[in-house]
Amino acid sequence: MALQFEKGAQQPSAIQRPTCAMIEYGHFSLSLAFVIALLQLSIPLAGIRCGWSTWTRSADVLSILQFVAVAFAYVVLTIAFVQSDFSVALVAQHSHTAKPLIYKLSGVWGNHEGSMLLWILVLTLFGAAIATTGRSLSIEMRGAVLAVQAAVSGTFMAYLLWASNPFWRLSAPPLDGGDLNPLLQDPGLAFHPPLLYLGYVGLSVAYSFAIAALLIGRVDVAWAKWMRPWVLVSWIFLTLGIAAGSWWAYYELGWGGWWFWDPVENASLIPWLAATALIHSAIVVEKRESLKGWTVLLAILAFSFSLLGTFLVRSGVITSVHSFASDPTRGVFILGILTLFSGGGLILFALRSGMLAPRDAFAWVSRETAIVSNNILLIVAAFVVIVGTFWPLIAELFMGTSLSVGPPYFNKAFTPFFVAIAVVMPFGAVLAWKRGSLKPAFRLMRVPLAFALMLGVLVWSLQGASGVLAPIGLALSGWLMAGSIFEVAHKIRLGRIPIGQSLSWLARLPRRDLGKATAHAGVGLSILGIAAMTAWQIEDIRAVNPGDSYKVGKFTVEFRGVDQVMGPNFVSTRGEFSLSADGQELERLYPEKRFYPAARSQTTEAAIHETLSRHVYVVLGDKREDGSWSARVYFKPLASWIWLGAVVMALGAMLGLADGRSRAPLIPGRSAGRIARAD
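Computed from a prediction, not measured in an experiment: that's the story for all the values here.

Procedures and definitions
Residues numbered from 1 in each chain as written. Predicted model: local features only at pLDDT ≥ 70, side-chain atom pairs only at ≥ 80, totals over all residues. Heavy atoms only, no water. Pairing = 2+ DSSP bridges. Helix = DSSP H or I, 4+ residues; strand = E, 2+ residues; numbered from the N terminus. Axes fitted to C-alpha atoms, helices over the stretch in contact; angles between N-to-C directions. Contact = heavy atoms within 4.5 Å. Parallel < 35°, antiparallel > 145°, perpendicular 65-115°, else oblique. Left-handed = near helix turned anticlockwise from the far one by under 90°. Nonpolar A, V, L, I, M, F, W, Y, C, P; charged D, E, K, R; others polar. Domains from an automatic or database assignment. Buried area = accessible area lost by both parts, 1.4 Å probe. Salt bridge = Lys/Arg side-chain N within 4 Å of Asp/Glu carboxyl O. Polar contact = N/O pair within 3.5 Å; in protein donor to acceptor, adjacent residues only side chain to side chain.

Visitor: Looking at this model, I keep getting lost on the sheet that holds strand S12 (residues 629-637). Mind explaining?
Guide: Spatial strand order, S3-S12-S11-S10: four strands in an open sheet with antiparallel pairing. Of all strands in the sheet, those with a lone pairing partner are strand S3 (538-544) and strand S10 (607-610), marking the two edges. Each adjacent strand pair in this sheet contributes to an overall mean axis angle of 15°, direction not counted. Here S3 runs beside S12; their pairing, made up of seven bridges, is antiparallel. Bridging across to S12, Arg542 finds its partner in Ala631. The strands that helix H18 (residues 511-536) touches are S3 and S12; relative to S12, the one it contacts most, it runs at about 135°.

Structure below.
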């Protein structure tokens, strides 16, 4: 029976009655949050304009109230999922009584409407965090930032209330629901979207700081010090969210890859590249009060790219396992939001560009130049991904041609830029500010450079002429990791003073410097895993019968048979494989094919033997006509280092965030005065 939507509430069955009134309260609370957002947008800006400090200060209270109202609405929707209230259309479409509790909770955001409510919840959370932690900001700056944040949250609330209301009710509730997409019924999907949203949405804070600075007419060291920690927080969550999504796709989809250049994967990578550039650019504003215009532009672009990702996921213009919606009306609405905030921000940037002129120049050889070079490479790489992602859509709209852009394009177009970034990073980290010299940098980095070159030559000679991916990848990895170590060793004067004194210097080393070296080393770890797994992977695909034993690399795989296992809301066909090496059994592996009756769909669950040095990845295929089973076994050397590197990158950023120098001072200015004119 087709689900019919109604905005009016109907009397549900006795099972759903406990949450009936609560649903209306949740709907009202979301509507109230929208009204509060309008007040938070208008009252503080009027206070800044007219010099009324009380009005300007109201932004703090309003942002907290807005968060409380949205949080209440989210809790109400969560209760509806937990209690299987099928009078709510969203619950009826995306939940089921037999579904485990964890997937009832994650099911709240495993759909378009619920995920948008989570998006707004995170938006308001960041606004409330600014209000409660931003007391050292001047009143007018804080008021302007929170007003811009309210403009973003209010616009998305309008979209949710009028185009994607999660509280719509059914006139005839079904006895049971349609179930959550089986691909999303995995622990990884209980963590991946919230992490990703904290990263995506956190970039709205950078956008709000940029627009507020343009409105007030102040972009300086204190402004950069206040914005950069928020960008770091967003970057940490975005990094962990992308890594969690990559790991989920690796073991859940059964194809054995860690990145497929799926359009929605690209949609998370694009803002990550822009945020990486923004972090480094903000450092230059802090240190030298240069690159102010570039930093403001990057803040606008980074959030614009996150909105672009939202459009990709929810517009229906692309097909992906990640996409939530295919309603073109919703896509037009989100495209309007993207145009409003991206276009409006860029127009304001153009109008106020005169106030962003740099105060001090820097030489061609300097740390500033290295950062600018890396930033340009990062942004060009982002646009390469954008072009490849949108080109099929452009070709269909304007040329009437249906085509696809796959991994070969991205690998060839994106990889050279990332290699260039990796080459520049260690040199840039040791160059002096304003005026540097290549000679001291080369002298300091001669050992890491020699180590990297020797590692590349060694790998080339050992593997023979079977490709350059592994030699180049391992050389870059060695260059980044050794460069990070030598950078720290230079700062603590290792080998030039007694070891005890060097360790004392290490303990006093600013955590920002240690964090930078750690994050750069994390990039090297990920490159190591990518290069090794891609170049040296072994794949074995064959038909097997119970009792068959065969070799995959140095491992012996024995297929022991298949049995049926009942899950809470699925039926599993589970294979059993024995993995041995040198006559010793290492592990029993149990890959599965799960069938979900409610959703009438099937998923593949890979089984993985994991160590730091390798993965042995086993997938059970379909049963053949002769009674045998298809089986795929992959040997993937150093695969874990891909995701370990991402974690190390995030840890490095956390170290930088913990540095006391990241705690911004008071942004000076009038307690609440008229908007300053650009100088």
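Visitor: Just checking my understanding: could you explain the packing of helix H13 (residues 407-430) against helix H16 (residues 469-491) for this structure?
Guide: Helix packing for two helices is described by the angle between their axes and how far apart those axes are. Taken N-terminus to C-terminus, the directions of H13 and H16 make an angle of 15°; their axes are 10 Å apart at the nearest point. One way to sum up the angle between H13 and H16 is to call them roughly parallel. For the crossing formed where H13 meets H16, the hand is left-handed. Here H13 contributes Val419, Ala422, Val423, Met425, Pro426, Phe427, Ala429 and Val430 to the contact with H16, which in turn contributes Leu476, Trp479, Leu480, Gly483 and Glu487. Looking at the contact of H13 with H16 residue by residue, the classes come out as eleven nonpolar, one polar and one charged.

Visitor: Which parts of the structure should I look at to understand the packing of helix H7 (residues 188-216) against helix H8 (residues 221-252)?
Guide: Look at H7 against H8: their axes get within 7 Å of each other, and the N-to-C directions meet at 155°. As summarised for this structure, H7 and H8 are arranged roughly antiparallel, according to the angle between their axes. The chirality of how H7 crosses H8 is left-handed.

Visitor: Help me out: how do you make sense of the pairing of strand S9 (residues 601-605) in this one?
Guide: Regular strands place side chains that alternate from one sheet face to the opposite one. Where strand S8 (residues 592-596) lies against S9, five bridges are found, and the strand directions are antiparallel. What sits directly across from Glu592, in S9, is Glu605. Linking S8 to S9, which pair antiparallel, is a turn of four residues; within it Arg600 sits at a positive phi near 55°.

Visitor: Please explain the domain arrangement of the protein as it appears in this structure.
Guide: Often the size quoted for an interface is simply the accessible area lost on bringing the parts together. According to the domain assignment, the protein contains domain 1 (15-180), domain 2 (186-430) and domain 3 (538-640). A separation of 38 Å is found between the C-alpha centroids of domain 2 and domain 3. In this assembly, eight residues from domain 2 lie in contact with 13 residues from domain 3. The contact between domain 2 and domain 3 buries some 740 Å² in all, and 41% of this surface belongs to carbon and sulfur atoms. Sorting the residues of domain 2 by area buried against domain 3 places Tyr250, Glu252 and Gly254 first, and these three jointly supply 56% of that buried surface. Between domain 2 and domain 3 we count zero salt bridges in total. The interface formed by domain 2 and domain 3 includes three residue pairs in polar contact (both at pLDDT 80 or more).

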